[in-house]
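Secondary and tertiary structure notes
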Amino acid sequence: MRTATARRRAIPIAAALACGLALLARVGAAADVKVVRDVAVPMRDGVVLRADVYRPDGEGRFPVLVFRTPYGKHFAEKGDGVHRKAVERGYVAVLQDVRGRYASEGHFDPYRQEGRDGYDTIEWAAAQPWSDGRVGTWGLSYPGAVQWLAAMEKPPHLVSMAPAMTFSSPRRFFYMNGIFDRSWLPWIYQYVAPDARRRLGMPVGGDAEESWRTVADEFQSFLPLRELPWLRKEAPYYFEWLAHPPEDPWWDWAELQGRYGRVSAAVLNFSGWYDDAYGVEGAATNHGGLVRARSLEARSRSHLVLGPWVHGAESTMSSRAGELDFGPRAAIDYDALVLDFHDHYLRGIANRFATEPPVRYFVMGANEWRAAREWPPPAGRVETLYLHRAGGGGIGRLEAAPALSGNATSAIRADPEQPVVDPFSDPGAHDYRALAARADVLTFETAPLADDLLVAGNIAAEIHASCDCRDFDLWVRLQDVHPDGAAYNVTSPGNDVIRASYREPQSGPRPLEAGNVYLLRLAQALTAQRFAKGHRIRVQVSASFDPHLSRNLQTGESEVASAASRPAVITLHHDAAQPSKVLLPVSAD
């Protein structure tokens, strides 16, 4: 089977193109669709998953696209735009409920089961009488993650995959820089628990999204995390996640980083600047890992698209993200992009994926797309901005030269019981100017820029900090301040935070010694932003940003196992010997 697959992938591009065009001619642009529902797909352990199969209403063998979801294939039929358009282009589309969800048998254990089940589903699809043996995949978020986990199992008939807005590592998905991600609770409560209750014979209740709004505060403020009294029957896996800190090798089952050599398929990596933090970091990291793993190949067969979007395919059809409109070029046809990608790699059609550079990214502020051979794009220089204390309080300064003083510091008093709260519940760009008035937020900004400054790549920060406590979190948020004073975030929350005890993440938590100064490095906040002439660059620093991620108790104990917290004074050092700074990669163009 591997030999046959290798031979099939080696078909010259002209022959594959002829085959693809012949399929298009046979199917036609207005093809009738034949749908067979709840088709049995047997797994290696005997569990049967169910899939709906959409195929051209005619004889023949066709390339197959597979979409696997925990959210219900019956909902995907209404919400997904790819599958019927795929049939019009001459594909068979398979929409499947993952194990333990809706029509499929078995027990749902999120992500743990998807590698083997994905492999078995792909190989099943390749062997069907309506299949020509070439299989691709698509999907966003969880349906994106399942593609990566299956690809790591090396299914021989997987040719191309389009995983959008998904992760690169469980250490940056279930946790983020040592901090547990609290968004798992609303995800489970709203999207997973209702079907789990139905299977368990428990009362399902009414609208889960509406119900969540009434219980969210109680659920998300409960400590210790592992003693949450709810969801124990519906979601036992949640408590297993909490039992394993990020450095635990237990998480290696979901690790993608360092394993890209296992993946032979072409990959379309896709995310947005305001996607959930794991999504944009995941797309960039996965693309870079594939490129390095395939450095001896003529083409990496990896592509990266980063736009001004929030989480979800619907966002790609809009020019707005939060409060800002990024112009008409911000919206794209996501369905066409996915299908063009598969057309090229599954059928050999010489479209834009044959000719365009592998990286396309949207520059906010300039509101234009740019292409590059690599991500991050080459920087012409790194703009280093040093933190300077404000005279008499107020807003501090960001300057090109470090402070000359030998004892320059800025401090905040952080209380876990009174966290800094994100005033906006919806993702995207928002005006955060009001946070500068809080006593537990430090703000630093440049003078109005004399010229445009185009930043593209990974935003880094090196902060020297001390605390009269055993641990704290440090958020370092980058903002674009408009002439009217509005201060808009240029990234989504999550990649701009570090837990001080996890300053060396591979070593696990290392509590602080009160009074010692520690260098904290952040380097995973990604953006492409033109800071316009007359605008200011702002950095806001705080010890919390509720409700994003779990709270640091500042005692040295984990919030997973403890509920007791204490206020603390956190001091940033920015003198000549300890110059705290942010580093911005300035575009070479």
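Residues numbered from 1 in each chain as written. Predicted model: local features only at pLDDT ≥ 70, side-chain atom pairs only at ≥ 80, totals over all residues. Heavy atoms only, no water.

**Considering the state of the cysteines**
Threshold: Cysteine sulfur atoms are paired as a disulfide whenever they come within 2.5 Å of each other. The rule is simple: take the accessible area with a 1.4 Å probe, protein chains only, and divide by the maximum for that residue type; under 20% is buried, over 50% is exposed, in between is partly exposed.
Taken as a whole, this structure holds 1 disulfide when the rule is applied. Each sulfur in the disulfide pair Cys467 and Cys469 lies 2.0 Å from the other. Taking the sign of the S-S torsion, 115° for the link of Cys467 and Cys469, the bridge is right-handed. The same class applies to Cys467 and to Cys469, which are both buried.

**Things to note about the pattern of salt bridges**
Here is the rule we go by: Salt bridge, as applied in this entry: a Lys or Arg side-chain nitrogen positioned within 4 Å of an Asp or Glu carboxyl oxygen. Strands here mean DSSP runs of E at least two residues long; helices mean DSSP runs of H or I at least four residues long; both are numbered from the N terminus.
Following the criterion strictly, the structure yields 39 salt bridges and no others. Arg99 serves as the salt-bridge partner of Asp45, at 2.8 Å between the closest nitrogen and oxygen. Of the two residues, Asp45 is situated in the loop between β1 (33–42) and β2 (48–56) and Arg99 in the loop between β4 (92–97) and α5 (114–126); the sequence distance between them amounts to 54 residues. Since its relative accessible area comes to 49%, Asp45 is described here as partly exposed. In this structure, Arg171 and Glu255 form a salt bridge, with 2.8 Å as the shortest nitrogen-oxygen distance. Linking Arg171 in the loop between β6 (158–164) and β7 (175–176) with Glu255 in the loop between α9 (236–242) and β9 (266–274), this pair joins segments that are 84 residues apart in sequence.

**Quick notes on the sheet that holds β2**
Cut-off, in case you're wondering: By this definition, two strands are paired if DSSP reports at least two bridges between them. Here an axis means a line fitted to C-alpha atoms, over the contact stretch when the element is a helix, while the angle between two N-to-C directions is reported on a 0 to 180 degree scale. It only takes one pair of heavy atoms within 4.5 Å for two residues to be counted as in contact.
A sheet is described by the order of its strands in space; here 10 strands give the open sequence β1-β2-β4-β3-β5-β6-β9-β10-β13-β14, paired in mixed fashion. Two strands lie at the open edges of the sheet, namely β1 and β14 (368–372), each paired on one side alone. The average undirected angle you get between the axes of adjacent strands in this sheet is 20°. Strand direction decides the pairing type here: β1 and β2, joined by 8 bridges, are antiparallel. Opposite Lys34, over in β2, you have Arg55 as the bridge partner. In the packing of helix α10 (residues 277–293) onto the sheet, contacts are made with β9, β10 (302–310) and β13 (359–363), and the angle to β9 comes to roughly 150°.

**Points about the pairing of β6**
Counted only if it meets this: Looking down the strands as they point away from you, a crossover is right-handed if its path from the first strand over the helix to the second goes clockwise.
Most of β6 is tucked away: 7 of the 7 residues are buried. Examined bridge by bridge, strand β5 (residues 131–140) and β6 share 6 bridges and lie parallel to one another. Opposite Trp138, over in β6, you have Ala162 as the bridge partner. For the crossover from β5 across helix α6 (residues 142–151) to β6, the handedness is right-handed. Bridge analysis of β6 against β9 gives 3 bridges, and the strand direction is parallel.

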